[in-house]
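The lines below spell out each chain.
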Amino acid sequence: MSLPQTPPTASPGGAVGAVVVLAAGQGTRMRSATPKVLHRLGGRSMLGHVLAAAAPLGAARTVVVVGSGREAVTEHLADVAPEADAVVQEEQLGSGHAAAVALDALGEVSGAVLIVNGDAPLLRVETLTTLVQAHRDAGAVLTVLTAEVADPTGLGRIVRDGTGGVRAIVEERDADTATRAIAEVNAGVYVGDAAAVREALTRVGAANDQGEIYLTDVLGLLVADGAPVGGHRADDAVDTLGCNDQRELADRRRTLNDRVLDRLMRAGVVVIDPMTTWVDVTADVAAEAVLQPGTQLLGATTVGAGAVVGPDTTLTDTEVGEGASVVRSHVTLSVVGPAATVGPFSYLRPGTELARGAKVGAFVETKNVQVGEGSKVPHLSYVGDATIGQGSNVGAATVFVNYDGVAKHRTEIGDHVRIGSDTMLVAPVTVGDGAYTAAGSVITEDVPPGAMAVARAHQRNVAGWVGRRRPGTRSAEAAAAAGGAPADDAADTRSTQSEGGRATATARDDDHQGRR
Ligand code: UD1
Ligand code: CA
């Protein structure tokens, strides 16, 4: 009994022995201090997209050639693909030189090697799998991915012979007019026998317009050797588009976004305005969720069925539950529970967790807080480092005073609590189940369950003050018309509150009342 020679096409795992990503180039045309392959689109770096497309091939080893900005690229690689190895190309002598450096680092490769430019962020695994399959089916030594494009400017042209066989790749700057007229271009993706490519690379010179060692020259050399070489046209030319400057980056970003939205809409997501809705490839949205105009779903964000997000909302690494709504808000690393509501105009910072049906209303900032089921923070508040139980309400303009200038402290609010408007909760502090705080209180001590905490100055009314101190004003006229003229020129009335009710006392008009 013999083992099958190739795995089934449906499962690309183990399709190649090694993957090489060329990412050492400077990317001069980006005009940026950031290494080219680290520029981001759709939630990943360009390099991240290439690695993600190649990952399902299941190569035993992945090598990324780094050079320009190598520290940053290597660090990023450790982050996004720790199983991949960075290999340094000290001097950027060309893509062929970069490939040679990688193959040297790889040593013996069992199976084919996939070599891919690091600046092709739209590549999809389907395209790579089909290329590898075509390579195998043809029994080729090297197969290059090609594409028919409307505008081949700047790209290497694929030269074929009368029978359609690939003869050479000619860079535009080295091409004559007839060659420049060719619309089939090199996508910068190659699959080949590692030993054959390595050997051919030793013969590649730098006699071209840029004086570089071109990987593309390997193809012509192998053809001259009489080796079987193939050119596989991509089903979707868009997949092969590179990215060399900011304009192209913006184009690729738009294309990637269109693809993501297309997938979501086919799956039943309602996207009101695809032009202003941006969803990272790493985000996920359930059917019948609604994305309003101006929505951005970034990173590992997920949105549950029937939830409504937007308009004008940015969610980063955030989980939005079924039937929740987030309107005109900015949310990072948070959980918005099922049927919870946020906004308009709120800012949920990392660690915010809203349980089912909880509400964070307008102009509220939260951070590191658990809001229990059905609890509400409806207006104009700051809630940081806190736990709020179930069914509680935090009155307008409440501040959780969590920072003493040196350290952060926690506030614990129980179930069915009523925090009065304009309460300052000076942490660390606990408000027990069912307790109330009076509006305008500065709460510095724990409030037992069921208690009403009052922590504010008593009010006093200085009778007739306006008539005496602001005579002739509209206020004084209004007061006089209402019968509010001063009874006694020199005295005022102070009202004081006591447990049982109100008592009044007379006091002198004094400096504290805004005398000028
Ligand atoms: C390259 C191809 C071209 C193809 C196009 C597709 C060559 C010579 N030309 O052109 O035929 O149509 O891609 O986008 O390969 N790199 C290194 N080290 C170097 C030089 C380059 O690692 O010393 C890397 C770059 O980071 C990049 C890739 O190789 O990922 C290609 O280099 P680039 O300068 O972008 O080549 P293109 O002119 O785009
Ligand atoms: Ca390029």
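Residues numbered from 1 in each chain as written. Chains lettered and ligands numbered in written order. Predicted model: local features only at pLDDT ≥ 70, side-chain atom pairs only at ≥ 80, totals over all residues. Heavy atoms only, no water.

Undergrad: Got a sec to walk through the overall build of the protein chain? Specific residues and values, please.
TA: Across its full length, the protein chain carries ten helices and 41 strands. In terms of overall size, the protein chain is more extended than a compact globule, its C-alpha atoms giving a radius of gyration of 34 Å where 516 residues would be expected to give roughly 24 Å. On the principal axes, the C-alpha backbone points of the protein chain span a range of 115 × 60 × 40 Å. Per-residue burial over the protein chain gives 44% buried out of 516 residues. Within the protein chain, contacts between residues separated by at least 24 positions form 40% of all contacts whose residues are at least 6 apart in sequence. A gap of 8 Å separates the mean positions of the 44 positive and 61 negative side-chain charges of the protein chain. (Helix = DSSP H or I, 4+ residues; strand = E, 2+ residues; numbered from the N terminus. Rg over C-alpha atoms; globule rule 2.2 N^0.38 Å. Buried < 20%, exposed > 50% of the residue type's maximum accessible area, 1.4 Å probe, protein only. Contact = heavy atoms within 4.5 Å. Lys, Arg positive; Asp, Glu negative; His and termini not counted. Charge placed at Lys NZ, Arg CZ, Asp CG, Glu CD.)

Undergrad: Provide a residue-level description of the site of ligand 1, including the pertinent values.
TA: Of all residues adjacent to ligand 1, which total 22 residues, the nearest are Leu 22, Gln 89, Ser 95, Glu 171 and Asn 186. One of the backbone N or O atoms of Ala 24 is found 3.0 Å from an oxygen atom in ligand 1. Contact distances for ligand 1 include 2.7 Å between an oxygen atom and a backbone N or O atom of Asn 186. In isolation ligand 1 has 740 Å² of accessible area, and contact with the protein removes 90% of it. Of all the secondary structure elements, the ones that give two or more residues to the shell around ligand 1 are strand 1 (18-23), helix 3 (95-106) and strand 10 (184-193). (Near = heavy atom within 4 Å. Polar contact = N/O pair within 3.5 Å; in protein donor to acceptor, adjacent residues only side chain to side chain. Areas by Shrake-Rupley, 256 points an atom, 1.4 Å probe, with all protein chains shown as cover.)

Undergrad: Describe the coordination of the calcium ion (ligand 2), with residues and values.
TA: Think of it this way: four donors in a tetrahedron around the metal ideally sit 109.5 degrees apart, and six in an octahedron ideally sit 90 or 180 degrees apart. Listed as protein donors to the calcium ion (ligand 2) are Asp 119 (OD) and Asn 244 (OD1); their distances from the metal cover 2.4 to 2.8 Å. Pair noted here: Asp 119 is in the loop between strand 6 (112-117) and helix 4 (125-138) and Asn 244 is in the loop between strand 11 (229-233) and helix 8 (246-266), with a separation of 125 residues, a long-range link. Of the two residues, Asp 119 and Asn 244, both sit in the buried class. (Donors = N, O, S within 2.8 Å, 3.2 Å for Na, K, Ca; no water.)

Undergrad: Which residues make up the pairing of strand 10, and what values go with them?
TA: The element strand 10 is largely enclosed, with a buried count of nine among its ten residues. Inspection of the sheet shows strand 6 paired to strand 10 by five bridges, in the antiparallel sense. In the strand pairing of strand 10, Ala 112 is matched with Asp 193. (Pairing = 2+ DSSP bridges.)

Undergrad: So what's going on with the pattern of salt bridges? Residues and values would help.
TA: Applying the stated criterion to the full structure yields 19 salt bridges. For Asp 119, the salt bridge is made with Lys 36, and the minimal N-O distance between the two is 2.8 Å. Taken together, the residues Asp 119 in the loop between strand 6 and helix 4 and Lys 36 in the loop between strand 1 and strand 2 (40-41) connect sequence positions 83 residues apart. Taken individually, Asp 119 and Lys 36 each receive the classification buried, so the pair is uniform in this respect. Between Arg 349 and Glu 365 there is a salt bridge, and its shortest N-O distance comes to 2.5 Å. Residue Arg 349 is located in the loop between strand 25 (347-348) and strand 26 (352-354), and its partner Glu 365 is located in strand 28 (residues 365-371); the two are separated by 16 residues in the primary sequence. (Salt bridge = Lys/Arg side-chain N within 4 Å of Asp/Glu carboxyl O.)

Undergrad: Provide a residue-level description of the environment of Glu 248, including the pertinent values.
TA: Structurally, Glu 248 is set in helix 8. Along the primary structure Glu 248 and Leu 298 are separated by 50 residues, whereas in three dimensions their C-alpha atoms are 21 Å apart. When residues no more than four places from it in sequence are discounted, the contact partners of Glu 248 are Gly 242 and Cys 243.

Undergrad: Describe the packing of helix 6 (residues 194-201) against helix 7 (residues 217-224), listing the residues and the values that go with them.
TA: It is the contact of helix 6 with helix 7, at a shortest axis distance of 9 Å, that shows an interaxial angle of 100°. For the element pair helix 6 / helix 7, the angle class is roughly perpendicular. Packed against helix 6, whose contacting residues are Ala 196, Val 197, Ala 200 and Leu 201, the element helix 7 presents Val 218, Leu 221 and Leu 222 at the interface. For the contact of helix 6 with helix 7, the residue count by class is seven nonpolar, no polar and no charged. (Axes fitted to C-alpha atoms, helices over the stretch in contact; angles between N-to-C directions. Parallel < 35°, antiparallel > 145°, perpendicular 65-115°, else oblique. Nonpolar A, V, L, I, M, F, W, Y, C, P; charged D, E, K, R; others polar.)

Undergrad: Lay out unusual backbone geometry in plain terms, naming residues and giving numbers.
TA: For the bond from Gly 310 to Pro 311, the omega torsion is 0°, close enough to zero to count as cis. With omega at 0°, the peptide bond leading from Gly 343 into Pro 344 counts as cis. The phi torsion at Arg 31 lies on the positive side, around 50°, for a residue other than glycine.

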